[in-house]
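Notes for the structure review
Listed below, chain by chain, are the residues.
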Amino acid sequence: MGANTKFGAKEVMDVILYDMSTNKPSIFFDTLKTSSIEVTSEKVYARGGKGNAKLITWELNKEGKLTIEDALLSPKSLELISGVATVTGAQTVYMRQATAYDTTGATPVDKGELYPLTASPSGVIELAYVPKEAASGILVYEIENDCGTPVVMTNATLTGKTLTVPAAADKKLVVYYTFTSAASTETYVIDSSHFSGTYKLVGNTVIRNRETGKDEAFQVVIPNLKWSSNLKLDFSAEGDPQPTSFECEIMKAANSSTMIQMTRWA
């Protein structure tokens, strides 16, 4: 490979983050849309003479930045952002039920908008889950008055998933309540006191040799990368799903001046 060999870089990297204390892989990203590296520095000058011209320049404060965009999220990538491990266990779930559910199986199935939640002539309402509240703590609205004035809960009773509200007889309803999820529920917590960590990054991609037209292996190693604690999640009714962007700081390695190492081989 000659010093003047030219190549093009286009393909996104597959990225591995290694725990710096154990040198074991923490996460593998293989669904990235972009992965870019930017290195910047500042300049200061000695000036003097007529016109106060620049005489000598120094460069300092070299900084590196890695930006990657991931098309998909995973529990592990959310852990990296929050600095807190995923919590597995039962959680309180807030439920707004406006349709009937099929509860014959292990998991309730929403029947959809063609099956509005409707009380029986005696006011019996079949809920999807067992509420945590007592009957008096459940909020029931007529569908046309959602979030307005609740249905009167006088003589309301609750047995398991069956809520009986005499004042709701034969009415189409929306019901607000909470229930306890299964013990296998995963919860991702982003709090105010934990932040993301620092990792060694290894990125693998290919570059195309201009002379041969063939792809050659290319690896980027960043020994000391401070992962970003910033997160933006886009929920949109239109357009393509938006990737999640991570902007990370490239630091100097602990035992050398290396910030980024790039290796190319055929």
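Preceding this paragraph is the structure being described.
As a starting point, this report considers the structure included with it. (Residues numbered from 1 in each chain as written. Predicted model: local features only at pLDDT ≥ 70, side-chain atom pairs only at ≥ 80, totals over all residues. Heavy atoms only, no water.)

**Remarks on helix α1 (residues 75–82)**
- Within the sequence span of α1, burial applies to Ser77, Leu78, Leu80, Ile81 and Ser82.
- Taken together, the buried residues of α1 touch β2 (14–19), β3 (25–29), β16 (198–209) and β18 (244–250). (Buried < 20%, exposed > 50% of the residue type's maximum accessible area, 1.4 Å probe, protein only. Helix = DSSP H or I, 4+ residues; strand = E, 2+ residues; numbered from the N terminus. Contact = heavy atoms within 4.5 Å.)

**Focus: the sheet that holds strand β7 (residues 92–97)**
- The strand order across the open sheet formed by 3 strands is β7-β14-β11, and the pairing between neighbours is antiparallel. Looking along the sheet, the strands with just one partner apiece sit at the ends: β7 and β11 (139–142). Strand-to-strand twist of the sheet, defined as the mean angle between neighbouring strand axes without regard to direction, takes the value 15 degrees.
- For β7 and strand β14 (residues 173–180), the ladder comprises 6 bridges, and the chain directions are antiparallel. The partner of Thr92 across the bridge, within β14, is Thr180. (Pairing = 2+ DSSP bridges. Axes fitted to C-alpha atoms, helices over the stretch in contact; angles between N-to-C directions.)

**Quick notes on the packing of aromatic side chains**
- Here the structure, examined in full by the defined rule, presents 6 aromatic pairs.
- Ring centres 6.3 Å apart and planes at 45 degrees place the aromatic pair Phe7 and Phe218 in the tilted group. Highlighted residues: Phe7 in strand β1 (residues 7–9) and Phe218 in strand β17 (residues 215–226), separated in sequence by 211 residues.
- Between Tyr129 and Phe179, the ring centres sit 3.8 Å apart and the planes meet at 5 degrees, which makes this aromatic pair stacked. Pair noted here: Tyr129 is in the loop between β10 (124–126) and β11 and Phe179 is in strand β14, with a separation of 50 residues, a long-range link.
- Judged by relative accessible area, Tyr129 falls into the partly exposed class, the value being 23%.
- Phe179 sits in the buried class, given a relative accessible area of 8%.
- Among the aromatic residues, ring-to-ring pairing joins Phe29, Trp227 and Phe246 into one connected group.
- In this structure, Lys54 is placed above the aromatic ring of Tyr45, and the distance from its NZ or CZ to the ring centre is 4.0 Å. (Phe/Tyr/Trp six-rings, centres within 6.5 Å; stacked < 30°, edge-to-face > 60°. Lys NZ or Arg CZ within 6 Å of the ring centre and 35° of its normal.)

**Points about the sheet that holds strand β12 (residues 157–159)**
- Here we have 3 strands laid out as an open sheet, ordered β10-β13-β12, and antiparallel in their pairing. Here the strands that pair on one side only, and so sit at the sheet edges, are β10 and β12. Sheet twist, expressed as the average angle between the axes of neighbouring strands with direction ignored, equals 20 degrees.
- As paired elements, β12 and strand β13 (residues 162–164) share 3 bridges and run antiparallel to each other.

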